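# Structural description and commentary
The primary structure of each chain is shown beneath.
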Amino acid sequence: MNLTSSYDELADAYHATVDPDGGGLTDPALDDLLGDIRGQRVASIACGQGRDARRLADLGATVVGVDASETLLTHARRLEQDSPRGIEYLHGDAQRLEGLADTSYDGALCYMALMDIPELEPALRSVARILKPGGWFVASIVHPCTKPPSHGELTDHTTGESRRVTGRYFEEGPYDSDTRWEILPRVSYHRTLSTYVNTLVAAGLAVERLAEPIGDRPVWREAAGLLYLRCRRVDS
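In the annotation of an unreviewed UniProt entry, the chain is listed under the name Ubiquinone/menaquinone biosynthesis C-methylase UbiE and assigned to Kribbella italica.

Structure representation (structure tokens):
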């Protein structure tokens, strides 16, 4: 498969920083939205080196992880070999999910990745395609109110820490940030909240719950940094 990812060049540094020992993800907000998934078949979309896939497996799901970066998947497969959880990893495009059969999954998770996927509409339609009727989809993203430099700034006057809040919120599309965490690709994709919700609904994924967890730093208590969504496949 001639498929590459912007994470390929960063994969080793990403893995060394994010769950290098394979313990899995710790995120109470995510666990709350997932609920009881024991015995379910779940797709982990844009799974990277498997951190969220391992969390799904630890919660009792049978997991198939898909990612465009073969280098990240090499790390994921090695961790699976070292500590088997029954996770299958596939090299594939999150916008197409060609290797995943129609209506074959109870649920799907896309953790902190939708904002890095260039084409939102085909990605969400692919999610809806693989879900069983009534199946669930959980996603987390950088909050749409947040956007890198030259778009206004919110400062924590206690620590001097700053974070960027978009002043051109309605300007959608790719942006290049030299301030983004160095283990992440420089280019990401800004979309408004209404674009996310309307594209989900158009794909047949009805939004059931939203969450905006408060962060552990003072500045993250002043404005939301992350947005979580739980959706349900509905058939018209």
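Read on for the rest.
### Overview of the overall build of the chain
For the chain, the helix and strand inventory stands at six helices and 11 strands. When the 236 residues of the chain are sorted by exposure, 50% land in the buried category. Taking as baseline every contact in the chain between residues at least 6 positions apart, the subset at least 24 positions apart corresponds to 69%. Per element, the accessible surface of the chain, about 11100 Å² overall, is 50% carbon and sulfur.

### Notes on the sheet that holds strand β5 (residues 131-142)
Ordered by their spatial adjacency, seven strands build an open sheet running β3-β2-β1-β4-β5-β11-β10, and the pairing between neighbours is mixed. Two strands bound the open sheet, and with one partner strand each, they are β3 (88-91) and β10 (205-211). Averaged over all pairs of adjacent strands, the angle between their axes in this sheet comes to 20°, without regard to strand direction. With six bridges connecting them, β10 and strand β11 (residues 226-233) associate as antiparallel partners. Bridge pairing links Leu210 to Leu229 in β11. Relative to β3, helix α4 (residues 70-82) is tilted by about 165°, and along the sheet it contacts β2 (62-67) and β3.

### Digging into a nonpolar patch on the surface
A cluster of nonpolar side chains, contributed by Val201, Val207 and Leu210, occupies part of the molecular surface with about 230 Å² of accessible area. When you line up the elements, Val207 lands in strand β10.

### Let's talk about the packing of helix α5 (residues 120-130) against helix α6 (residues 193-202)
Packed helices, taken two at a time, are described by the angle between their axes plus the distance between the axes. Direction vectors running N to C along α5 and α6 enclose 40°, while the axes themselves pass 9 Å from each other. Taken together, α5 and α6 sit at an angle that is classed as oblique. In the packing of α5 onto α6, the handedness of the crossing is right-handed. Residues Leu120, Glu121, Leu124 and Arg125 of α5 form the contact with α6, whose participating residues are Thr195, Tyr196, Thr199, Leu200 and Ala202.

### Notes on the environment of Gly35
Mapping Gly35 onto the fold places it in the loop between α2 (28-34) and β1 (41-45). On a C-alpha basis, the gap between Gly35 and Leu59 in space is 9.1 Å, while along the polypeptide they are 24 residues apart.

### Some thoughts on the nonpolar core
Soluble globular proteins tend to pack their nonpolar side chains together in the buried interior. Core analysis: the largest hydrophobic core is formed by 32 residues, its most contacted members being Ile45, Cys110, Leu114, Leu124, Val127, Phe137 and Leu205. Those elements giving two or more residues to this core turn out to be β1, β2, β4 (105-111), α5, β5, α6 and β11. Top element by residues in this core is α5. It accounts for six residues. Once residues lying within four places of it in the same chain are set aside, the contact partners of Cys110 are Ile45, Ala46, Ile117, Phe137, Val138, Ala139 and Ser140.

### Section: the packing of aromatic side chains
Applying the stated rule across the entire model yields one aromatic pair. For the pair Tyr169 and Phe170, a centre-to-centre distance of 5.1 Å together with 80° between the ring planes defines the contact as edge-to-face. Owing to a relative accessible area of 71%, Phe170 belongs among the exposed residues under this scheme.

### Focus on the pattern of salt bridges
For the coordinates displayed, the defined rule picks out 13 salt bridges. In this structure, Arg233 and Asp235 form a salt bridge, with 3.0 Å as the shortest nitrogen-oxygen distance. Residue Arg233 is classed as buried on the basis of its relative accessible area, which comes to 15%. Ionic contacts of the salt-bridge type, sharing partners, join the residues Glu208, Arg230 and Arg232 into one network.

### What to know about the confidence of the model for the chain
Confidence in the prediction of the chain, expressed as mean pLDDT, is 83, and 75% of residues score 70 or more. Low confidence marks residues 148-164, where pLDDT is under 50. Its contacts with residues over four positions away, or in another chain, come to 45 contacts.

### Overview of unusual backbone geometry
Non-glycine residue Ala46 carries a positive phi angle of around 55°. Position of Ala46 among the secondary structure elements: in the loop between β1 and α3 (51-58). Even without being a glycine, Met112 presents a positive backbone phi close to 50°. Of the residues examined, Met112 reaches a relative accessible area of 24% and is grouped as partly exposed.

Cut-offs used in this document
- Residues numbered from 1 in each chain as written.
- Predicted model: local features only at pLDDT ≥ 70, side-chain atom pairs only at ≥ 80, totals over all residues.
- Heavy atoms only, no water.
- Helix = DSSP H or I, 4+ residues; strand = E, 2+ residues; numbered from the N terminus.
- Buried < 20%, exposed > 50% of the residue type's maximum accessible area, 1.4 Å probe, protein only.
- Contact = heavy atoms within 4.5 Å.
- Areas by Shrake-Rupley, 256 points an atom, 1.4 Å probe, with all protein chains shown as cover.
- Pairing = 2+ DSSP bridges.
- Axes fitted to C-alpha atoms, helices over the stretch in contact; angles between N-to-C directions.
- Patch = residues over 30% accessible without salt bridge, like charges linked within 9 Å, V, L, I, M, F, W, Y side chains within 5 Å.
- Salt bridge = Lys/Arg side-chain N within 4 Å of Asp/Glu carboxyl O.
- Parallel < 35°, antiparallel > 145°, perpendicular 65-115°, else oblique.
- Left-handed = near helix turned anticlockwise from the far one by under 90°.
- Core = buried A, V, L, I, M, F, W, Y, C linked by side-chain atoms within 4.5 Å.
- Phe/Tyr/Trp six-rings, centres within 6.5 Å; stacked < 30°, edge-to-face > 60°.
- pLDDT = per-residue confidence, 0-100.

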